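Architecture and fold: a report
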Amino acid sequence: MAEYDLVVRGGEVATGFGTARCDIGIRGGRIAALADRIEGGASTLDAGGLLVLPGGIDSHCHIEEPSRGGYVSTAGTPPVTVNEESFLTASTSAFAGGTTSVVCFVPQWKGEGILPRLADYEQRAARGMLDYSFHQIITDPTEEVLEREVPQIVAKGIRSLKVFLTYEPLHLSDEEYIKVLVAARRNGCLVTVHCENYAAIKWRTEALLKAGMTAPKYHAWSRPGIVEREATHRAIALAELVDQPIQVFHVSCAEAAEEIARAQHRGLKVWGETCPQYLTLTGADMDRPGFDGAAFMCSPSPRTAEEHGRVWEMIRRGTLDIVSSDHCGFSMGGDRGKASSGRDASFDAIPNGIPGLAARLPILFSEGVSKGRITLDDFVRLSAANPAGLMGLAPRKGMIAIGADADLALWDPKKRVTITNKLMQHAIDYTPYEGLEVTGWPVATVRRGAVVMRDGVVQAEPGTGQFLPRGPYAMATPRGVLAHGFDAAPAPG
Ligand code: URP
Ligand code: ZN
Ligand code: ZN
């Protein structure tokens, strides 16, 4: 009998601390050996001339989630209008882009507890092929939910509570947010926060609509950076009051990131995430003719090319230490898509969110490593090691090390590809990155030792994805506290 199920031969293995040319011996889905030369594999995967990266971990993905209206229970029968990406199609898309694990979101209908939706969501997720864990969205923080149900989900290994400070009907008041922070602290959960000021966006939206400014581009006008900065500041201040760690999701601009940097500089446990859309897309994309601008609508809104440069700087400083996709796919057409309220609907009626699961790693690699903005080690940390650390998935996930799950992306750093929707292999009828040229592309993906993608062809059995129970937040990352920016750079301003 062969000693290893699979040997990955001759690649340049990226450890997050430089690279080493070596073979990887895989047994039982885990990395069993790293050595110059490993013999005795039942099969071999040639990685000559390629980088071998840890499989991507996308810690912010919306899969099979309802659109906003769906968060309100109607007489005990919630309308289950979920977004179009199923766990099956999301798995295909993830593998096509070199990602092997996701952390996605269990909804809570307002007026209900969290356990019924969790039971439903567990069944949905189990049909996919990629490994997964959950953030639990809290839209209705009742005593029953916080006192009795949260301890039960923590016992299952769900270690983060997600809150929205904007969006009707999801947003929490300050009072409700504080209650969630207190419950998280008591139960050892991370709190992940969508930071935009609800009242300010409502006020600006009403004024824009009254003035007849209804086209998709006005979405950006309704939520300038200041509404993100204010909510980020408030989210951090209240978390400090309660002494509860938080992660600020999808930071789009330096003025919000500076709030995080100041908090980190003062030693607070505050982490910041950004996404490829805030490094490549701009508000001007929403100013395309007719309804086309809706393709780029997400919240916070894409900003400007100058802002991209500032966000990169915040990545380099370590203030923003995770790049996730915030994959939230709505097709342009179809009855669940962006145009479901009509192609002349005002911007506030168009579903927010864009797909990016498959595009995340190629864009981060190309715009980051290939263009010399970040190092390969940075890439490994931003895309896999740091999400594994902060989400409590390390050391099982996020690193190429003996004993870790054999999740790998074999990467051709020189391959030039023009992104098309077909390459994304998702269920959505477009990609906002259509036509973007990237240098660096995944040529094979390995999930727990199984080759699940080769040259763009995904092959995996539905139902083989595993639920990942998580440990406490903020386990050490390979860069230790430096990864969190505490002492990486002086606070700006
Ligand atoms: O526009 C976005 N980001 N939609 C997805 C939900 C969220 O806010 O993360
Ligand atoms: Zn959000
Ligand atoms: Zn999101």
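No experiment lies behind these values; they were computed from the predicted model shown. (Residues numbered from 1 in each chain as written. Chains lettered and ligands numbered in written order. Predicted model: local features only at pLDDT ≥ 70, side-chain atom pairs only at ≥ 80, totals over all residues. Heavy atoms only, no water.)

Some points on the overall build of the protein
- In terms of helices and strands, the protein carries 13 helices and 18 strands.
- At 21 Å, the protein has a C-alpha radius of gyration in line with the 23 Å of a compact globule built from 493 residues.
- Across its three principal axes, the protein shows a C-alpha extent of roughly 70 × 50 × 50 Å.
- Within the span of the protein, comprising 493 residues, buried residues form 61% of the whole.
- Within the protein, counting contacts between residues at least 6 apart in sequence, those at least 24 apart form 77% of the total.
- On the protein, roughly 17,400 Å² of surface is accessible, and the fraction owed to carbon and sulfur atoms is 52%.
- When the 50 positive and 58 negative side-chain charges of the protein are each reduced to one mean point, those points stand 1 Å apart. (Helix = DSSP H or I, 4+ residues; strand = E, 2+ residues; numbered from the N terminus. Rg over C-alpha atoms; globule rule 2.2 N^0.38 Å. Buried < 20%, exposed > 50% of the residue type's maximum accessible area, 1.4 Å probe, protein only. Contact = heavy atoms within 4.5 Å. Areas by Shrake-Rupley, 256 points an atom, 1.4 Å probe, with all protein chains shown as cover. Lys, Arg positive; Asp, Glu negative; His and termini not counted. Charge placed at Lys NZ, Arg CZ, Asp CG, Glu CD.)

Some thoughts on the pairing of strand β8 (residues 131–137)
- Burial within β8 is extensive, with 7 of its 7 residues counted as buried.
- Where strand β7 (residues 99–106) lies against β8, 6 bridges are found, and the strand directions are parallel. Bridge assignment links V103 to a residue of β8, and that residue is S133.
- Regarding the hand of the β-α-β motif, the stretch spanning β8, helix α3 (residues 143–155) and strand β9 (residues 160–164) is right-handed. (Pairing = 2+ DSSP bridges. Right-handed = clockwise from strand over helix to strand, strands pointing away.)

As for the pattern of salt bridges
- One pass over the structure, following the stated rule, counts 35 salt bridges.
- Between D23 and R9 there is a salt bridge whose closest N-O contact spans 2.6 Å. Taken together, the positions of D23 in strand β2 (residues 19–27) and R9 in strand β1 (residues 4–14) put the pair 14 residues apart, joining distant regions of the chain. Here D23 and R9 have matching classes, each one buried.
- Measuring nitrogen to oxygen at the nearest pair gives 3.8 Å for the salt bridge that ties D287 to K217. With a gap of 70 residues between them, D287 in the loop between α9 (277–280) and α10 (305–317) and K217 in the loop between α5 (198–210) and α6 (218–222) connect regions that are remote in the sequence.
- The structure contains a network of salt bridges with shared partners spanning R30, D131, R396, K397, D405, D407 and R448. (Salt bridge = Lys/Arg side-chain N within 4 Å of Asp/Glu carboxyl O.)

Some thoughts on the site of ligand 1
- The local shell around ligand 1 consists of H60, H62, F164, Y167, H194, H250, C298, S299, D326, C328, N352 and G353.
- Interatomic distance of 2.9 Å between a side-chain N/O atom of H194 and an oxygen atom of ligand 1.
- Within the complex, 95% of the 260 Å² of free accessible area of ligand 1 lies under protein.
- Residues of the shell around ligand 1, tallied by class, amount to 4 nonpolar, 7 polar and 1 charged. (Near = heavy atom within 4 Å. Polar contact = N/O pair within 3.5 Å; in protein donor to acceptor, adjacent residues only side chain to side chain. Nonpolar A, V, L, I, M, F, W, Y, C, P; charged D, E, K, R; others polar.)

A short note on the coordination of the zinc ion (ligand 2)
- Coordination of the zinc ion (ligand 2) by the protein comes from H194 (ND1) and H250 (NE2), over a distance range of 2.0 to 2.1 Å.
- Here the zinc ion (ligand 2) binds 4 donor atoms, and the angle range of 57 to 145 degrees at the metal identifies the geometry as irregular.
- Between the two metal centres, the zinc ion (ligand 2) and the zinc ion (ligand 3), the spacing is 3.7 Å. Of the two residues, H194 sits in strand β10 (residues 190–194) while H250 sits in the loop between β11 (246–248) and α8 (254–265), which places them 56 residues apart along the sequence. (Donors = N, O, S within 2.8 Å, 3.2 Å for Na, K, Ca; no water. Tetrahedral: all angles 85-135°; square planar, octahedral: opposite > 155°, others 65-115°.)

Quick notes on the coordination of the zinc ion (ligand 3)
- Listed as protein donors to the zinc ion (ligand 3) are H60 (NE2), H62 (NE2) and D326 (OD); their distances from the metal cover 1.9 to 2.2 Å.
- Around the zinc ion (ligand 3) sit 4 donor atoms; with metal-centred angles ranging over 88 to 130 degrees, the donor geometry is tetrahedral.
- On the accessibility criterion, H62 (6% relative accessible area) is buried.
- Relative accessible area serves as the criterion here: at 7%, D326 is assigned to the buried category.

Focus on the packing of α8 against α10
- Axis separation between α8 and α10 bottoms out at 9 Å; the angle between their running directions is 15 degrees. The orientation of α8 with respect to α10, classified from their angle, is roughly parallel. In this structure, α8 meets α10 at a crossing whose hand is left-handed. Listed contacts from α10 to A254, A257 and E258 of α8 are E307, R310 and M314.
- Residues that form the contact of α8 with α10 fall into these classes: 3 nonpolar, no polar and 3 charged. (Axes fitted to C-alpha atoms, helices over the stretch in contact; angles between N-to-C directions. Parallel < 35°, antiparallel > 145°, perpendicular 65-115°, else oblique. Left-handed = near helix turned anticlockwise from the far one by under 90°.)

Describing the nonpolar core
- Ranked by size, the top nonpolar core spans 79 residues in total, and within it F134, Y177, V191, V193 and I246 carry the most contacts.
- The next biggest cluster of nonpolar side chains, apart from the first, holds 29 residues, and it includes I363, V417, M424 and W441. (Core = buried A, V, L, I, M, F, W, Y, C linked by side-chain atoms within 4.5 Å.)

Observations regarding the packing of aromatic side chains
- Overall, the coordinates contain 12 aromatic pairs when judged by the stated rule.
- With centroids separated by 5.4 Å and ring planes inclined at 80 degrees, the aromatic side chains of F365 and F379 adopt a geometry described as edge-to-face. Separated by 14 residues along the polypeptide, F365 in helix α11 (residues 360–370) and F379 in helix α12 (residues 376–390) bring together distant segments of the chain. Both residues of the pair, F365 and F379, count as buried.
- An aromatic cluster of at least three residues, connected via ring pairs, comprises F87, Y121, Y132, F134 and F467. (Phe/Tyr/Trp six-rings, centres within 6.5 Å; stacked < 30°, edge-to-face > 60°.)

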